[in-house]
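Given next are the chains, with one letter for each unit.
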Amino acid sequence: MRFRLNNQPWPHSRLRMRPASFTRCFSLLHSLPLQGSCGIAFDIDGVILRGRTPIGNSPSALRRLYDDSGIVCNLKLPFLFLTNGGGIPESKRAAELSELLGVKILPAQVVQGHSPFRNLLKRYENELIVVTGKGEPAEVMSAYGFKKVLSLEEYASYFDDIDPVAQFKRWTRTTKPFNWPRHSSELAPQIDVYSDRVKAVFVASDPVDWGRDIQVLCDILTSGGLPGKGCEHQPYLYFAADDLEYQAAFSCERLGMGAFRIALESVFNRIHMKPLEYTSFGKPNPFVFQTAGAILRNIQLACQTDDLSGDIDAIHAFRTLYMIGDNPFVDIKGARQAGHPWFSILTRTGVFKERGNHAEFPADLVVNTVEEAVDFILKRESS
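Per an unreviewed UniProt entry, the recorded name for the chain is Mitochondrial hydrolase YKR070W isoform X1, and the organism is Nicotiana tabacum.

Counted residue by residue, strand β13 (residues 320-325) has 6 buried out of 6 residues, so it is predominantly covered. Burial along β13 is two-sided: Thr 320, Tyr 322 and Ile 324 facing one way and Leu 321, Met 323 and Gly 325 facing the other are all buried. Across 5 bridges, strand β1 (residues 38-42) lies against β13 in parallel orientation. By the bridge assignment, Ala 41 is partnered in β13 with Met 323. With 5 bridges connecting them, β13 and strand β14 (residues 342-347) associate as parallel partners. Bridging across to β14, Gly 325 finds its partner in Leu 346. With helix α11 (residues 328-338) bridging β13 and its parallel neighbour β14, the resulting β-α-β unit is right-handed.

One open sheet accounts for 5 strands, arranged β7-β6-β8-β9-β12; its pairing is parallel. Edge strands, defined here as strands with exactly one partner in the open sheet, are β7 (148-151) and β12 (279-280). Pairing of strand β9 (residues 236-239) with β12, which is carried by 2 bridges, proceeds in the parallel orientation. Residue pairing in the sheet places Tyr 238 in a bridge with Thr 279 of β12. Against the sheet, helix α5 (residues 137-144) contacts β6 (128-132), β7 and β8 (200-203), and its axis sits at roughly 135° relative to β6. Contacting β6, β8 and β9, helix α8 (residues 210-222) runs over the sheet at an angle of about 155° to β8.

Here we come to the environment of Glu 372. Looking at the secondary structure, you find Glu 372 in helix α12 (residues 370-382). Accessibility expressed as a relative area gives 36% for Glu 372, which makes it partly exposed. Separated by 311 residues in sequence, Glu 372 and Ala 61 have C-alpha atoms that sit 8.2 Å apart.

Another point: the environment of Glu 381. Take Glu 381: it is sitting in helix α12. By relative accessible area, Glu 381 is classed as buried at 14%. The spatial distance from the C-alpha of Glu 381 to the C-alpha of Thr 320 is 9.3 Å, given a sequence separation of 61 residues. The residues contacting Glu 381, other than those within four sequence positions of it, are Cys 38, Arg 319, Thr 320 and Tyr 322.

Conventions and cut-offs
Residues numbered from 1 in each chain as written. Predicted model: local features only at pLDDT ≥ 70, side-chain atom pairs only at ≥ 80, totals over all residues. Heavy atoms only, no water. Buried < 20%, exposed > 50% of the residue type's maximum accessible area, 1.4 Å probe, protein only. Helix = DSSP H or I, 4+ residues; strand = E, 2+ residues; numbered from the N terminus. Pairing = 2+ DSSP bridges. Right-handed = clockwise from strand over helix to strand, strands pointing away. Contact = heavy atoms within 4.5 Å. Axes fitted to C-alpha atoms, helices over the stretch in contact; angles between N-to-C directions.

So, in structure tokens, the structure goes:
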């Protein structure tokens, strides 16, 4: 996996994700009964859910982290969801998880693959950007504050015949994407897609139409941000994650965003004189785990003191941070690279199904279900 930005490493110190309005988000939280010095990060797909179905007795496992009510946010231990998935705003994902799992999940407890995109707002707030992926990618970016954002589907609609096989596609749209349709006359003077160059492209979640997206992205990236207008410097390209595979509702693993990145890069490098440059976020990048630790620290501080003036980087206050995941190449590798105080727990409910530990990226503990993982943590922390 490569993390490139103008051939430079990802600028960790400048991309510091600070959750918004923690005081408001955690106004329902009360003191932590265990006063624990640990926090928990749960992967979602393959650990908590398979599709929309809870697995591993996850609702029961999560309720054990609350007080007896399991309704208001009386946490025994701070926890969040750390997923490479996405496609909808964190507020909607929190509401969805709350409904499926039967406990109250707050938006600040959800860190998705595209959550770090909000750190690029200052750079691209008033620039034309294009975003692609399943779900509501344009709504996600608009919610982060980007002013001139178009979905790739919407952007492509302004260029006749840019997708040469569109007429042969038999599926039809059943729902409208965010602010669809918006014609150039409605966007003016904010956006003129025929003269404004795309300054950055974001892959926020797994693309739906790979053929169209690869074609249009190559048009944008090889032309300096304006299809058909010559070859100039490549616009910036950001991927929310780089998972090759993930566990969904189907019994076998599904190809993820990393597979799409490989396909796009292979085509781009065959038709362009310079190799594709991109930046990948998401697990297993150690910065994602640093961010998760900082958020867990804020949750802990909000629960204990309602005072968020403390140092957001004081992750060392945790004796242990637990990562519970199902993918050794993403969850376990990331926790191992992040180092102390991360403790990795691998479940057998998703990508990993072997009897022993993983050979290349062994976890600190292997369990059958997330319920077993939570049981281990509570017993360990109580002692």
